[in-house]
Amino acid sequence: MLRIVLLAGIYFVANILAEYPVCDNSEADIALEELIHENVDRLMELRRPGWGWVNTPEVVLSLQLSAAKKFFAVNETIATMDQEVQDEFDSSCIGKKALYVMAVKATCGNPRNFAGFDLVENLRNSIGTQFRYLRRRQESPSHGWYNYGLAIQALCLCNIEIPRSHIVNIIRGQDASGGFGNRKSVVDDTSQVLLALACIKDQSLPTRRRPLMTKLKTAIDKAVGFLQTSRNNELDDFWIGNKFSSPAALLALKETTDLSQSSSWFCNDIARSVSNGLWEDEPEATVAHRLPAMRGRSVLALKDGWTCLDPDSIPEGYQPQYNPEKTLDCSTLLESNGIFSFFLPSIEVQLSVKKTLGSNNSTPYDYTVLVEVEKGFTLLETMAKARCNNQFEFAVQSSSFGSFVTSVDSLEAVASQRQFWSLLDAQTGDFLSVGIDQYKPSHRDHILFKLSVY
Ligand code: B12
């Protein structure tokens, strides 16, 4: 018992005193290494029977950057990526294409010749249409700043000289706060663009570009300012933006600021919150985003002199077998209406739907239902129970963050018109901070599904 208390004490003190590689370029200490391994184990649990993940290149990139030795059966996954590229690369958004380019580079393959494709040339052609001159100048790239940032990073890492027009578009797209985003600046988008700018800054450029480079450095300083002032506290935790945007923000700041000053923006506190973030049943995307920040290694490490390690062998008895499809079977969900219902604490949740776009506030919603569910049900289970009662209709698509709502009450959000179903707290009007399979409603919660445009 005393030993456990002592060990817990040492672990606690080590954690308090720890310096994080993302804040001072140190190596991970034993406690952090242990946490990194727990995150790697979670990704291995989430591996699909075909050796890939929902977003295979994102996980490959994350594991190669943070724990390549632990990435067993990497060759089986590369074979899966080869097949995925043949099946879907051409129709993917630029962000996904960029992730494939960087994942191939991270596994020491050749992105100029992978699965019969020149991934780099294909991506280079795709970014050309991101800024279209319509009736008035479009301020955001059509696939959004997050994906555009990823695309520029990937091209830059493959030593493609980024055309002047793209650098100009980025500088023009920055808003007065120093950030980037579709309607208003957000940390997620700003971090990806900042990493792209950091990569371009280090490209050896012809002298004629010097004036543009001066503007680019100013844009970097402004974006750094935006991220550093986006710091938030949540109980004992420190974030840049929120829990989910912090890993990329830490890496972007690592690549663009003087780390001897990192204590001034509480880098270690944010890194500690990020590193301790693993939670039960966590989806693949948040784990994959966290790992490189824990190791303190951004994609810029892939620039030159990147080498690959031989990974450990496959642990005995390991089989990738994650099956994400939850059984939302009506007989189980409706059981709480049966004879045992008396013993189970239940809550009442209201689900409302607003199907018309625009800001007509006279009708806050077109349709509403009340559902009684067991306490602890997720929003997805709540919606599924309402569906079993024939009260509510919806459809979801599996993504690396979990279930993404694509249609409600038989109305599908048209992705090509930038429509999506937003999830709101109807009482406050605030966006829910997580998706339907992570959000657990409380008694009398009122959730609004609102057709929106981003
Ligand atoms: C762009 C974006 C969106 C776009 C996606 C459409 C598009 N084609 O661009 C829109 C505006 C639709 C969107 C919606 C939402 N989003 Co969003 N989104 C992002 C962002 C900035 C980038 C994702 C991306 O393009 N990745 C690159 C591509 C190549 O990877 P991908 O795996 O193909 O990306 C897909 C998924 O990420 C998916 N997606 C995007 N958001 C969400 C949210 C959830 C819960 C799910 C399941 C899937 C999902 O759409 C992407 C494009 O197809 C991330 C930030 C981040 N750090 O990841 C936040 C982020 C993923 N979103 C978030 C949230 C909370 C939401 C909403 C739930 C907000 C709300 N309350 O309505 C909704 C989803 C509602 C629903 N219908 O289920 C959180 C998720 C947190 C969590 N752990 O659950 C993030 C991490 C932002 C943050 N920092 O908090 N989002």
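The protein chain goes by Transcobalamin-like C-terminal domain-containing protein in an unreviewed UniProt entry, where it is assigned to Clavelina lepadiformis. UniProt's Subcellular location (unreviewed entry) comment on the protein chain is quoted here verbatim: "Secreted". Word for word, the UniProt comment on the protein chain under Sequence similarities (unreviewed entry) is "Belongs to the eukaryotic cobalamin transport proteins family."

Let's shift gears to the nonpolar core. Of all hydrophobic cores here, the largest spans 84 residues; its most connected members are Val-101, Met-102, Leu-123, Ala-151, Ala-154, Leu-197 and Leu-250. The dominant element in this core, judged by the number of residues it contributes, is helix H8 (residues 144-157), at 10 residues. When sequence neighbours within four positions are dropped, the list of residues in contact with Met-102 reads Leu-61, Ala-154, Leu-157, Val-299 and Leu-302.

Spatially, the four strands line up as an open sheet ordered E4-E3-E9-E8, and their pairing is mixed. Because the sheet does not close on itself, it has two edges, and the strands there are strand E4 (367-374) and strand E8 (419-425). Neighbour-to-neighbour, the strand axes of this sheet turn through a mean angle of 25°, independent of strand direction. Here strand E3 (residues 346-354) pairs with strand E9 (residues 446-453) via five bridges, running parallel. Opposite Ser-352, over in E9, you have Leu-448 as the bridge partner. In the packing of helix H16 (residues 379-388) onto the sheet, the strands contacted are E3, E4 and E9, and the crossing angle to E4 comes to about 110°.

Okay, the site of the ligand next. Near the ligand you find 33 residues, and of these Gly-95, Phe-244, Phe-401, Phe-420 and Gly-435 are the closest. Listed by contribution, the elements that provide at least two residues to the shell around the ligand are helix H6 (94-106), H8, strand E6 (402-408) and E8. Along the lines of polarity and charge, the residues of the shell around the ligand split into 15 nonpolar, 16 polar and two charged. Each of domain 1 (24-302) and domain 2 (330-453) contributes no fewer than three residues to the shell around the ligand.

This part takes up the domain arrangement of the protein chain. Segmenting the protein chain into domains produces domain 1 (24-302) and domain 2 (330-453). The distance between the C-alpha centroids of domain 1 and domain 2 comes to 31 Å. Across the boundary between the two partners, domain 1 contributes seven residues, which contact six residues of domain 2.

This part covers the packing of helix H12 (residues 246-256) against helix H14 (residues 284-295). The interhelical angle for the contact between H12 and H14, taken along N-to-C directions, is 30°, at an axis separation of 8 Å. Crossing geometry of H12 relative to H14 is assigned as left-handed. Along the contact surface, H12 presents Pro-247, Ala-248, Leu-250 and Leu-251, while H14 presents His-289, Arg-290, Pro-292 and Ala-293. Taken together, the residues of the contact of H12 with H14 sort by class into six nonpolar, one polar and one charged.

What counts and how
- Residues numbered from 1 in each chain as written.
- Predicted model: local features only at pLDDT ≥ 70, side-chain atom pairs only at ≥ 80, totals over all residues.
- UniProt positions renumbered as here; feature names shortened; annotations may be inferred.
- Core = buried A, V, L, I, M, F, W, Y, C linked by C-beta atoms within 7 Å.
- Buried ≥ 20, exposed ≤ 12 C-beta atoms within 10 Å, placed from the backbone.
- Helix = DSSP H or I, 4+ residues; strand = E, 2+ residues; numbered from the N terminus.
- Contact = placed C-beta atoms within 7 Å.
- Pairing = 2+ DSSP bridges.
- Axes fitted to C-alpha atoms, helices over the stretch in contact; angles between N-to-C directions.
- Near = placed C-beta within 6 Å.
- Nonpolar A, V, L, I, M, F, W, Y, C, P; charged D, E, K, R; others polar.
- Domains from an automatic or database assignment.
- Left-handed = near helix turned anticlockwise from the far one by under 90°.

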